[in-house]
Amino acid sequence: GFEAGMSKDGQTRGHMVLAHTLGIKQLICCCNKMDATIPKYSEERYDEIVRSLSSYSKQIGVDPSKIHFIPISGFGGDNLIRRSTYLDWYDGPTLLEALDQIVEPKTPSDKPLRLPVQDVYKIIGIGTVPVGRIETGILEPGMKITFGPTGVTAKVKFVEMHDEAVLEAFPGDNVGFHVKKVDAKDLKRGYVASNSIDDPAKEAASFTCLVTIMKHPGLLFNGCTLTLDCHTARVPAKIVEILSKIDRRSGMEIEREPEFLKNGDAAVMKMVPTKPIVVEAFSDYPPLGRFVARDGSQTVVGGVINNVEKKEYPRGASNMKFDAKEAAKRSGAALRVMLPLLATGAQCFLA
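Cut-off values and rules
- Residues numbered from 1 in each chain as written.
- Predicted model: local features only at pLDDT ≥ 70, side-chain atom pairs only at ≥ 80, totals over all residues.
- Heavy atoms only, no water.
- Salt bridge = Lys/Arg side-chain N within 4 Å of Asp/Glu carboxyl O.
- Helix = DSSP H or I, 4+ residues; strand = E, 2+ residues; numbered from the N terminus.
- Buried < 20%, exposed > 50% of the residue type's maximum accessible area, 1.4 Å probe, protein only.
- Pairing = 2+ DSSP bridges.
- Right-handed = clockwise from strand over helix to strand, strands pointing away.

S.K.: Looking at this model, I keep getting lost on the pattern of salt bridges. Mind explaining?
M.R.: Between side chains of opposite charge, pairing is possible as soon as their charged atoms come close. For the structure on display, the rule yields 16 salt bridges. Among the ionic pairs, E97 bridges to R83, the shortest N-O distance being 3.3 Å. You can see E97 sitting in helix α4 (residues 95-100) and its partner R83 sitting in the loop between β2 (67-71) and α4, a full 14 residues away along the chain. The closest approach of N and O atoms between K245 and D265, which form a salt bridge, is 3.6 Å. Of this pair, K245 sits in strand β12 (residues 233-246) while D265 is found in the loop between β13 (253-256) and β14 (266-273), placing the two residues 20 residues apart along the sequence. The exposure classification of K245 matches that of D265, with both residues buried.

What follows is the structure in structure tokens.
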């Protein structure tokens with residue numbers, strides 16, 4: 001019930017904190033099962049729930065006047081599409097009307113390409129085909145792309161969406177794209193495709209982030225390792241420094257370099273991934289700048305990334321792999337070419 005969701009470890013509280021932490025600005029809250037209240041469709045029960053949620057939203061820094069609180073009955077279909085006669089005391093929008101009022105965000109097609117890879121296929125007769133959802137930028141056939149965090153580069157031969165070839169794909173499109181001269185084994189889920197000549201994606205050496213501790217069984221200290229889920233990637237990351245504790249409502253610093261963090265705390269910390277990953281500052285690439293972190297199977301932290309220290313790719317890096325047999329073959333061929341020249345030089349010297 002509602003009371004369980006609003007208890008200390010309740011999901012309703014956790015979801016509200018997570019939404020606020022991840023930068024979600026538009027919320028709709030449905031008060032379901034109004035047909036099961038005592039008495040049925042009780043306005044008093046609805047008002048009680050709204051008061052409780054409004055009070056809590058203020059505590060975490062969310063303006064309750066910007067949230068739609070809609071009494072509904074999923075079982076009876078009340079206030080989902082059409083206004084219910086059983087809820088005639090409610091004069092706000094139905095769920096469908098509230099969804100229509102959501103302001104559509106601007107499509108970030110003007111930003112450099114960022115496409116987190118969801119999966120990679122090797123198709124007979126075609127080759128390597130990564131698939132994923134474009135988060136920012138535009139993908140076109142003929143484009144030279146770089147896959148972070150490894151720096152593998154490739155040329156896009158064609159782009160498909162819903163089994164049809166397209167000349168352009170935009171943010172929000174789920175696409176498959178054929179890349180030349182790259183083995184499927186060299187790519188995997190969690191890699192990020194980007195334009196090689198326009199801010200290519202790079203491995204994160206470390207990053208600072210604003211986090212909220214949602215549900216942790218103990219305390220978090222410097223040195224703790226959590227499993228980071230960001231876009232399609234999942235890697236371990238270590239807390240190397242807790243920089244400050246933050247007031248969730250005002251965003252002001254209340255303690256510098258605290259020794260530990262507990263449930264409900266908000267903080268700025270520095271983290272270091274222990275395996276290669278691409279992450280970005282939330283201000284630059286929002287879909288790649290928010291994350292949740294887990295301890296075991298439990299989600300304990302939600303956060304947004306403020307800035308990233310990136311690793312540079314080695315100069316002259318390419319997709320070539322070292323092959324001892326191939327190297328020996330090439331060295332032998334070079335030696336066979338040079339031997340006659342060396343012999344000629346020796347004869348000239350002796351003469």
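S.K.: Is there a simple way to explain the pairing of strand β1 (residues 27-31) in this structure?
M.R.: Within a regular strand, the side chains alternate between the two sheet faces. Here β1 pairs with β2 via five bridges, running parallel. Bridged to C31 within β2 is P71. Read as a crossover between parallel neighbours, the route from β1 over helix α3 (residues 43-59) to β2 is right-handed.

S.K.: What should I look at first to understand unusual backbone geometry in this one?
M.R.: Put simply, I38 and P39 share a cis peptide bond, and its omega is -5°. With respect to the secondary-structure elements, P39 resides in the loop between β1 and α3. Note that the residue after G148, namely P149, is joined by a cis bond; omega there is 10°. Although it is not a glycine, K181 sits at a positive phi angle of roughly 55°. Within the fold, K181 resides in the loop between β8 (174-179) and β9 (192-195). Its relative accessible area of 83% is what places K181 among the exposed residues.

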